[in-house]
Number of protein chains: 2
Amino acid sequence: MSLEHFISEAISPWMKKEGPDSDIVLSSRIRLARNLEKYNFPDLASKEESEAVIQTLAGACKEKSCGNFGEFEILHLDQLKSLAKRVLVEKHLISPHLAEQSKFGAVMLNHDESVSIMVNEEDHLRIQCLFSGFQLNEALTLAAELDDWIEQKVDYAFDEERGYLTSCPTNVGTGLRASVMMHLPALVLTKQISRIIPAINQLGLVVRGIYGEGTEAQGNVFQISNQITLGKSEEDIVEDLRGVVLQLIQQERTARKTLQDGLKIQLEDRIFRSYGVLANSRIIQSKEAAQCLSDVRLGIDLGIVEGISRSILNELMILTQPGFLQQYANEMLNPDERDIRRATLIRERIKLEEA
Amino acid sequence: MSLEHFISEAISPWMKKEGPDSDIVLSSRIRLARNLEKYNFPDLASKEESEAVIQTLAGACKEKSCGNFGEFEILHLDQLKSLAKRVLVEKHLISPHLAEQSKFGAVMLNHDESVSIMVNEEDHLRIQCLFSGFQLNEALTLAAELDDWIEQKVDYAFDEERGYLTSCPTNVGTGLRASVMMHLPALVLTKQISRIIPAINQLGLVVRGIYGEGTEAQGNVFQISNQITLGKSEEDIVEDLRGVVLQLIQQERTARKTLQDGLKIQLEDRIFRSYGVLANSRIIQSKEAAQCLSDVRLGIDLGIVEGISRSILNELMILTQPGFLQQYANEMLNPDERDIRRATLIRERIKLEEA
């Protein structure tokens, strides 16, 4: 497979659009957790019940006229090879939980992969809408539309007092998880991030790494999301997150300016050295690659690095994950082999820019 | 000054010729210490005596017919700015001692700078012949010819039993110091060098850094020279050194092969990363620059790096020294400024290759 073709397979179409504030906010995501009233929740559901859930939802989404969402493709997890599941995780289209632990899981994807509906994950439905840049409201609007549209076909487990019922009590109420993926290299470089994260946590928000819960922030990319799903409206949850994100954008921009004004040559040195590593190394671990990609992306955003497209960070952060590397190599690779393949892929990707 | 022109000023013509075994031996040098009989040695000489010594030698070397050596240009150290002296040291044409401590020093240089005669350094004369690659015998032949030719004009301080008399007893006898500059990256990488240096010392030879006594080996370049000047003929001294150098060449070649066979990708990774640093950094200290240049030169010698001339190591090791950097910048620079200027000069030099 040519690298161009591989990239076009690897990068979801929605990612290619450049959204607002995309120098800092890589993507915005809304996720709604829902369950069907008449079936046991997935952890307790029998095989028959789980299959019935899939049938119900697949049936509902097969209608041609599913609003503005186009047609959905349904993938049954038990029919996918482990590498294919891994790739879906790396594209943020399914959760590690669905890939690894769900017995009767499925996922429904729309054409540009901006909508993914996981079935029989922790809940019967996890509706996810992804937008590039800072578009939380747009994502919420779309998710709500989709939710309403599905609700016309099925009965959700809903309690007048507690709202939508979910497997895990942390999702009860709105079932809403709103999150943004932010690139905050200047706040990391100026060490402000260690002061900012606890402050964000105190506001009832959570800061995680790029692959969600339990993952470390790689390449200065942080996922920021709401903790609380109950006792606030969907709009208020999103508005509170938006407020914090706006502040973070401001702080990151100020920190970038501080670096550029006071430490210009040191910043340039760091950025170009990282470019040199990406363009030349023959062996590179994912952590170093992510850090160098972050530096180069910062350089592009600040106009220090020219002639390289901004999407290189988003793209290569995904392309250099183990699943993709193995898919590209078309074979299973041990970690040492992956480090070599990762370096090759990054060099080839950079050469595409220069061509 | 354009970089091309600056380089042509900075690199002595003799360095541009490629000598035998120049993948490992960068240069060969013979130095003869001599004193004139009727004057006090420089440390004790009066101003008048020192000037008389210069006059005598300058007069002798002004004759048109000075053998095969062409005309000599004479530079009086007290008429040179400190930066110009520093540049001569960095070109290996004079010693730091002559630049910094000699009161009435001078240096006579032939056209291609392969011959330098320091006057009133520690001894009245220090005759030095420089050849590229492994050409100790050739350098000895030339130095002896020059020595004979001067001896026709002046009376050397000579003792039948002890040979040529010198200021420092370590030079008495032949007054000969033979040395080679060797690039031994594979012996350093395989850590064999720490075993080899003591063994060389036991043979009565000395291993030093690129700028002689008291300097650390930068960029895996080692100067190897004889310790003993007394009780052996000039030919034997050079022959003993040659034997050791031949062995070192063999050991370095074997170590390079071992690295290439067993650790190919790791070696390539190291070499190309170093290339990436040289081609991209905006701030670089001399030690890191030397190490990266060593790696890249090894890559060129092994055919791993292509399209870059082999002379880049020799050239940039000199060009990036403080004196040259300041000459190129045409102003005095503090260490931080030098690190920036060094990075710029290296990038520009590499771009010349790509052009």
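Here, the structure is the one placed above.
Residues numbered from 1 in each chain as written. Chains lettered and ligands numbered in written order. Predicted model: local features only at pLDDT ≥ 70, side-chain atom pairs only at ≥ 80, totals over all residues. Heavy atoms only, no water.

## Notes on the nonpolar core
Core analysis: the biggest nonpolar cluster contains 110 residues, and I30, I94, I117, L146, I150, M182 and I224 of chain A have the highest contact counts within it. Apart from residues no more than four positions distant in its own chain, I117 of chain A is found in contact with C61, F72, A106, V107, M108, L125, R126, I127, L146 and I150 of chain A. Core analysis: the second largest hydrophobic core is formed by 109 residues, L26, L77, I127 and A139 of chain B among them. (Core = buried A, V, L, I, M, F, W, Y, C linked by side-chain atoms within 4.5 Å. Buried < 20%, exposed > 50% of the residue type's maximum accessible area, 1.4 Å probe, protein only. Contact = heavy atoms within 4.5 Å.)

## Observations regarding the pairing of strand 5 (residues 125-132) of chain B
All names here are of chain B. Among the eight residues that make up strand 5, seven are buried, leaving the element largely enclosed by the rest of the structure. Bridge count for strand 1 (residues 25-34) against strand 5 is eight bridges, and the pairing is antiparallel. Counted as the bridge partner of L32 is I127 from strand 5. Inspection of the sheet shows strand 4 (residues 115-119) paired to strand 5 by five bridges, in the antiparallel sense. Each bridged residue has a counterpart across the sheet, and for V119 the counterpart in strand 5 is L125. In this structure, the hairpin formed by strand 4 and strand 5 is closed by a connection of five residues, where N120 is found at a positive phi of approximately 60°. (Helix = DSSP H or I, 4+ residues; strand = E, 2+ residues; numbered from the N terminus. Pairing = 2+ DSSP bridges.)

## What about unusual backbone geometry?
For D21 of chain A, which is not glycine, the phi dihedral falls at a positive 55°. Here D21 of chain A is to be found in the loop between helix 2 (13-16) and strand 1 (25-34). Backbone geometry places N330 of chain B, a non-glycine residue, at a positive phi of 65°. With respect to the helices and strands, N330 of chain B occurs in the loop between helix 13 (322-329) and helix 14 (335-354). A residue is classified by how much of its surface remains accessible, and N330 of chain B, at 69% relative accessible area, is exposed.

## Let's talk about the side chain of S294 of chain B
Residue and element names in this part refer to chain B. Following the sequence through the fold, S294 ends up in helix 11 (residues 286-301). Looking at S294, its side chain comes within polar contact range of the main-chain oxygen of G219, at 3.4 Å. Sequence-distant contacts of S294, that is, excluding residues within four places in its chain, are made with H183, P185, G219, N220 and L313. (Polar contact = N/O pair within 3.5 Å; in protein donor to acceptor, adjacent residues only side chain to side chain.)

## What about the interface of chain A and chain B?
On the chain B side, the residues contacting the 16 residues of chain A number 16 residues. Taken over both partners, the interface formed by chain A and chain B buries close to 1400 Å², and the fraction arising from carbon and sulfur atoms is 62%. On the chain A side of the interface with chain B, the three residues burying the most area are R273, N280 and R282 of chain A, jointly 40% of the side's total. Across the salt bridge formed by E288 of chain A and R273 of chain B, the nearest N and O atoms sit 2.8 Å from each other. In this assembly, chain A and chain B are joined by eight residue pairs in polar contact (both at pLDDT 80 or more). Of all the elements, helix 10 (residues 264-280) of chain A adds the most residues to the side of chain A that touches chain B, at ten residues. Residues of the side of chain A that touches chain B, tallied by class, amount to seven nonpolar, four polar and five charged. (Buried area = accessible area lost by both parts, 1.4 Å probe. Salt bridge = Lys/Arg side-chain N within 4 Å of Asp/Glu carboxyl O. Nonpolar A, V, L, I, M, F, W, Y, C, P; charged D, E, K, R; others polar.)

## A look at the relation of the copies chain A and chain B
Between the two copies, chain A and chain B, the superposition gives an RMSD of 0.0 Å; the rotation angle is 180° and the shift along the axis is 0.1 Å. In short, the pair behaves as if placed about a two-fold rotation axis. Of every C-alpha in chain A, the one belonging to G276 of chain A sits nearest the axis of rotation, 2.1 Å from it. A share of 100% of the interface residues of chain A reappears at the interface of chain B, consistent with the copies meeting face to face through the same patch. (Least-squares fit on C-alpha atoms with pLDDT ≥ 70 in both.)

## Considerations on the pattern of salt bridges
All names here are of chain A. On inspection of all chains with the given rule, the structure shows 54 salt bridges over all chains. One salt bridge in this structure joins D23 and R253, with 3.0 Å as the shortest N-O distance. Remark: R253 occurs in helix 9 (residues 234-262) and D23 occurs in the loop between helix 2 and strand 1; sequence separation between them is 230 residues. Classification of R253 as partly exposed rests on a relative accessible area of 33%. One salt bridge in this structure joins R126 and E122, with 3.2 Å as the shortest N-O distance. A relative accessible area of 23% means that E122 is categorised as partly exposed. Overlapping salt bridges bring together E18, E252, R256, R297, D301 and R310 as one network.

## A few points about helix 4 (residues 82-90) of chain B
Residues and elements named next belong to chain B. Buried residues of helix 4: L83, K85, V87, L88, V89 and E90, and no others. Packed against the buried residues of helix 4 are strand 2 (73-76), helix 5 (96-100), strand 3 (106-109), helix 12 (312-319) and helix 13. The first or second residue beyond helix 4 is H92, which carries a positive phi of 65°.

## Looking at the packing of aromatic side chains
Going through the model one piece at a time under the given rule, you end up with four aromatic pairs over all chains. Considering the side-chain rings of Y156 of chain A and Y164 of chain A, the 5.8 Å spacing of their centres and the 80° angle between planes classify their relative orientation as edge-to-face. Across the pair, Y164 of chain A and Y156 of chain A agree in class, each one buried. Each member of the aromatic cluster is reached from another via a ring pair, and the members are Y156, F158 and Y164 of chain A. We note R34 of chain B situated over the ring of Y164 of chain B; from NZ or CZ to the ring centre the distance is 3.5 Å. Residue placement shows R282 of chain B over the ring face of F272 of chain A; its charged tip is 3.6 Å from the ring centre. (Phe/Tyr/Trp six-rings, centres within 6.5 Å; stacked < 30°, edge-to-face > 60°. Lys NZ or Arg CZ within 6 Å of the ring centre and 35° of its normal.)

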